[in-house]
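What follows is each chain in one-letter form.
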2 protein chains.
Amino acid sequence: MLEQIVNLLETKNYPALKSLLNSLEPVDIAALLDEAPQEHLLLLYRILSKENAADTFVEMDSVSQEVLIRSFKDNELKAVLDELFLDDTIDIIEEMPANVVKRILQQSDPETRVKINELLNYPKDSAGSIMTIEYVSLKKDMTVKKAIDHIRVTGVDKETIYTCYVTDSHRKLLGLVSVRALLLAGNHTLIEDIMETNVIFANTLDDKEDVANKINKYDFLALPVVDNENRLVGIVTVDDAIDVMHEETTEDIELMAAIVPSDRPYLKTSAWEIWKKRIPWLMLLMISSTFTGKIISSFEDALQVCVILTAFIPMLMGTGGNAGGQTSATIIRGLSTDEIRLSDIWKTLLKEFSVSIICGLTLAIVNFIKILVLDKGDIIASGQNPITVAVVVCLTLFFTVTIAKLVGCSLPIIAKKMGFDPAVVASPFITTIVDACALLIYFEIAKILLHL
Amino acid sequence: MLEQIVNLLETKNYPALKSLLNSLEPVDIAALLDEAPQEHLLLLYRILSKENAADTFVEMDSVSQEVLIRSFKDNELKAVLDELFLDDTIDIIEEMPANVVKRILQQSDPETRVKINELLNYPKDSAGSIMTIEYVSLKKDMTVKKAIDHIRVTGVDKETIYTCYVTDSHRKLLGLVSVRALLLAGNHTLIEDIMETNVIFANTLDDKEDVANKINKYDFLALPVVDNENRLVGIVTVDDAIDVMHEETTEDIELMAAIVPSDRPYLKTSAWEIWKKRIPWLMLLMISSTFTGKIISSFEDALQVCVILTAFIPMLMGTGGNAGGQTSATIIRGLSTDEIRLSDIWKTLLKEFSVSIICGLTLAIVNFIKILVLDKGDIIASGQNPITVAVVVCLTLFFTVTIAKLVGCSLPIIAKKMGFDPAVVASPFITTIVDACALLIYFEIAKILLHL
């Protein structure tokens, strides 16, 4: 479809282009524009109908948004900004370089500029930074009919009208009422008689991940956000909560794979930027595997006598890494979805310990048989007793799996206790520790049983 | 709080218990009940108010639900079933053993039973299996006033009233209209004049993950589901879509960590069941690392001459595994969020190739310096030339990183092309392949440069 569009553009068939683009949903137009050549971007954007333009702009990625803002005339930029919800404006501003932000603020009307500056002051990743201030507020002495009329008049500019918030004259949150409840109630019923007073809310400074988890847990369409004096200052809607869950999950997966998280879309990130996100951990882990190397060097004499031991190192390290990675992934995901809480530490450790014992035993037994069936020849050729070697390898395997699972379980919990993201200590980090343990155990057992 | 509840229960202070439990949100009551001793479960459930009981039941985990269903009297079970939305009933049924399902069906009224059986026939993970059939349908010649009256009368039993679907007499989907649009339109406007006709929908057989992605992409509160004749048969609401995203992400993370995915809550899963989910991959990967061992044995003579080479094996394998893991995690996440599409294959491969070259170079250079500074003594002591050894190690490192990133990038894409979940080929699997490549390259280069 992109080819078709560029084709229409180059043949200057604007009417066909216009009807083609405007037949799509804004998010689909945005995806096409994101992939279009940057020199055509402004022209394509100008072809959009007024209803689609702002909605499309919000859905585009920050690279395209920046190109557009830089090429907009002042009145075009102003027109877009007037159509945006404030939380979307904030999202855009947060991704832009300083000079673009300055232009955005210049083109906003003074009242909006004050609100933008207020919202920008909330810490990154806080509820305040993702909330919208465009919500419906009702008074408790309104009748249902008056409330519905109020929604009819003011609802156009609100991000959601389906949950309305009841506040007193000091903007303190008293309760909430859904449009569903309004429609199902009689016209003359008072709001205070149907409002839900047991309101679940967030504070402006709460972590946005907690906000998203609450919306998910209670199946809300929106969550009210209050300040330290319990005044209602905004709401977070379910679509924004989904975006937060999405980002946080991607961040967790990146951290677990030893990548410095990034917000930019992968296909639009340059190789150098990707390098910057990946090299720190690769470097750190490479340097730290020096210790593993040192352990091997220090047992060099033993290895020279019994080179066959080297052949089992990859299996031991690999299995240890996999066993630890399974556990850390389970625990990290459990912690981030609140399925495992810090109070469950001992329960979790005990469970992982049991699992590690039976996993370790199973693997050790299978491996013992495998060595005696498949590797017997190699071991005898190297002048060792196959059964003794098998015992050394399988004892090591058992202890490595047990240690790997306990390390994989406790490190994320400790990280969380210390206030870090548990995903930071995920498998690559744990693998490095487990590798060192595996080798130490291996050589110590070998020295004793093989008399090296 | 659980202690307090058990305490109130044991002292038979039921009034206090009742007011304590009923002051909470159903999902919070459910979390408490899930952790309560099973012998108290029925009593605690019976204490709940009628409004809270069914909502709490839906939110409990399947283990507790089964305990309750088994201990319910027939009329109690019937009362719960009557209160549930059909999609929730289906979710519960899917987790229960056959005899419990039989009891549920016996206690449902005949009309519901027919619908349950219809819904159960949709394939697992399809849109049909998660949709609800309780939606609001309007006719295009209704006025706004009539539509609102219709919602007022029929809305109580619907899962959402905020998006209403316009169908013809054959139940064909003509359009949709939001309650917001209804409220903002004049009373006498016709539905067909305000309905959105460019409707995005899913087919009953679509994958539920696609449904969730659509709801996320278009910021919908619900997505209509049609059958092969384009008749509207149900809707999927945003809260269920969030649950699907959640499950799918957990499944991806489990697969990426080489665990067979499971729906059961971790803390309620026995060690044996966890073992069953983890041992297949551990075993497979352990057996496949036999190849890596065989590669080492086959170079045993070379190693005996130059044992110092062994010291770098963990670093080479570790770095290769991490480099491949970074790429595969990025690609798998990109594919599952639709950020990377199959049409982007070449773009993606080219990008990963560039990244791998600069990552490989950086790591090789740093490692070269590290070897000459830190490991020089060990190498000289083992009778080798430090510079030659450093060249062997760093050349291997460079090629390993490049291969790891290309394997990490192409395997998930190939898996997706072949119709598998890309997460299946994630890092543990890739690591095994990369390990073997790393060792082969290492020994071949060593044989040439060190004349082994």
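Residues numbered from 1 in each chain as written. Chains lettered and ligands numbered in written order. Predicted model: local features only at pLDDT ≥ 70, side-chain atom pairs only at ≥ 80, totals over all residues.

**Remarks on the overall build of chain A**
- A count of helical and extended segments in chain A gives 22 helices and six strands.
- Relative to the globule expectation of 22 Å for 452 residues, the C-alpha radius of gyration of chain A, 30 Å, shows a markedly less compact shape.
- Taken along its principal axes, the extent of the C-alpha atoms in chain A is 90 × 65 × 35 Å.
- A total of 452 residues make up chain A; the buried ones form 45% of that total. (Helix = DSSP H or I, 4+ residues; strand = E, 2+ residues; numbered from the N terminus. Rg over C-alpha atoms; globule rule 2.2 N^0.38 Å. Buried ≥ 20, exposed ≤ 12 C-beta atoms within 10 Å, placed from the backbone.)

**Structural notes on the sheet that holds strand β5 (residues 222-226) of chain A**
Residue and element names in this part refer to chain A.
- Taken together, the three strands give an open sheet; going across it, the order is β4-β5-β6, and neighbouring strands pair in mixed fashion. A strand with exactly one partner marks an edge of an open sheet, and here the two such strands are β4 (202-203) and β6 (232-237).
- Pairing of β4 with β5, which is carried by two bridges, proceeds in the parallel orientation. Directly across from alanine 202, in β5, lies its bridge partner valine 225. (Pairing = 2+ DSSP bridges.)

**A closer look at the relation of the copies chain A and chain B**
- Mapping chain A onto chain B is achieved by rotating through 180° and translating by 0.0 Å along the same axis, at an RMSD of 0.1 Å. The two molecules are tied by a two-fold rotation axis, judged by turn and shift. Distance from the rotation axis, computed per C-alpha, reaches its smallest value in chain A at Gln304(A): 3.0 Å.
- Both copies share a contact surface, since 99% of the interface residues of chain A are interface residues in chain B too. (Least-squares fit on C-alpha atoms with pLDDT ≥ 70 in both. Contact = placed C-beta atoms within 7 Å.)

**Things to note about the sheet that holds strand β3 (residues 173-178) of chain A**
- With respect to topology, three strands assemble into an open sheet ordered β1-β2-β3 (chain A), the strand pairing being mixed. Edge strands, defined here as strands with exactly one partner in the open sheet, are β1 (137-138) and β3 of chain A.

**Side note on unusual backbone geometry**
Residues and elements named next belong to chain A.
- Here the phi dihedral of lysine 12 falls at roughly 55°; this positive angle occurs in a residue that is not glycine.
- Tracing the chain through its elements places lysine 12 in the loop between α1 (2-10) and α2 (14-22).
- Even without being a glycine, aspartate 338 presents a positive backbone phi close to 70°.
- Positionally, aspartate 338 belongs in the loop between α19 (313-336) and α20 (345-381).

**Structural notes on the packing of helix α8 (residues 86-95) of chain A against helix α10 (residues 110-120) of chain A**
All names here are of chain A.
- Contact pair α8 / α10: the axes reach a minimum separation of 10 Å and the direction vectors enclose 60°. Seen along the crossing, α8 lies across α10 with a hand that is right-handed. Mapping the contact onto sequence places Leu86, Thr89, Ile90 and Ile93 in α8 and Lys115, Ile116, Leu119 and Leu120 in α10.
- Taken together, the residues of the contact of α8 with α10 sort by class into six nonpolar, one polar and one charged. (Axes fitted to C-alpha atoms, helices over the stretch in contact; angles between N-to-C directions. Left-handed = near helix turned anticlockwise from the far one by under 90°. Nonpolar A, V, L, I, M, F, W, Y, C, P; charged D, E, K, R; others polar.)

**What to know about the interface of chain A and chain B**
- Taken together, the 89 residues of chain A in the interface contact 90 residues of chain B.
- Class assignment of the residues belonging to the side of chain A that touches chain B gives a composition of 49 nonpolar, 24 polar and 16 charged.

**Details of the environment of Asp435(B)**
- Looking at the element boundaries, Asp435(B) is found in helix α22 (residues 427-449).
- The spatial distance from the C-alpha of Asp435(B) to the C-alpha of Phe85(B) is 52 Å, given a sequence separation of 350 residues.
- Every residue in contact with Asp435(B), bar those within four places of it in the chain, is listed here: Pro314(A), Gly318(A), Thr292(B), Met317(B) and Gly320(B).

**Quick look at the packing of helix α19 (residues 313-336) of chain B against helix α21 (residues 386-417) of chain B**
All names here are of chain B.
- Axis separation between α19 and α21 bottoms out at 8 Å; the angle between their running directions is 30°. Comparing the axis directions of α19 and α21 gives the class roughly parallel. Relative to α21, the crossing made by α19 is right-handed.
- Within the contact of α19 with α21, the residues separate by chemical class into 13 nonpolar, nine polar and two charged. (Parallel < 35°, antiparallel > 145°, perpendicular 65-115°, else oblique.)

**A short note on the environment of Ile148(B)**
- Position of Ile148(B) among the secondary structure elements: in helix α12 (residues 144-154).
- Along the sequence, Ile148(B) and Leu267(B) sit 119 residues apart, while their C-alpha atoms lie 46 Å from each other.
- Those residues in contact with Ile148(B), other than ones at most four positions away along the chain, are Leu183(A) and Leu182(B).

**Remarks on the domain arrangement of chain A**
- One can read the domain layout of chain A as domain 1 (2-121), domain 2 (137-254) and domain 3 (266-449).
- Distance between the C-alpha centres of domain 1 of chain A and domain 2 of chain A: 29 Å. (Domains from an automatic or database assignment.)

**Concerning the pairing of strand β2 (residues 163-167) of chain A**
Residue and element names in this part refer to chain A.
- The buried fraction of β2 is high, at five of five residues.
- Neither face of β2 is exposed, since Thr163, Tyr165 and Thr167 on one face and Cys164 and Val166 on the opposite face are all buried.
- Two elements, β1 and β2, share two bridges in a ladder whose sense is parallel. Its bridge partner lying in β2, leucine 138 is registered against valine 166.
- In this view, the connection linking β1 to its parallel neighbour β2 by way of helix α12 (residues 144-154) has right-handed handedness.
- In the sheet, β2 pairs with β3 via five bridges, with the strands oriented antiparallel. (Right-handed = clockwise from strand over helix to strand, strands pointing away.)

**Brief notes about the pairing of strand β5 (residues 222-226) of chain B**
All names here are of chain B.
- The element β5 is largely enclosed, with a buried count of five among its five residues.
- On β5, burial covers both faces: Ala222, Pro224 and Val226 on one face and Leu223 and Val225 on the other are all buried.
- Pairing between β5 and strand β6 (residues 232-237): five bridges, direction antiparallel. From the neighbouring strand, valine 225 faces β6, where its bridge partner is glycine 234.

**Concerning α19(A)**
All names here are of chain A.
- For α19, built from 24 residues, the straight-helix expectation of 34 Å at 1.5 Å per residue is met to within 8% by its first-to-last C-alpha distance of 34 Å.
- The buried count for α19 comes to 24 of 24 residues, which makes it a mostly enclosed element.
- Phi turns positive, to about 70°, at aspartate 338, one or two residues after α19. (Expected span 1.5 Å × (residues − 1).)

**Overview of the environment of Thr396(A)**
All names here are of chain A.
- Structurally, threonine 396 is set in helix α21 (residues 386-417).
- Distance from threonine 396 to serine 71, taken between C-alpha atoms, is 65 Å for residues 325 residues apart in sequence.
- With sequence-adjacent residues up to four places away left out, threonine 396 is seen in contact with Leu316, Ala438, Ile441, Tyr442 and Ile445.

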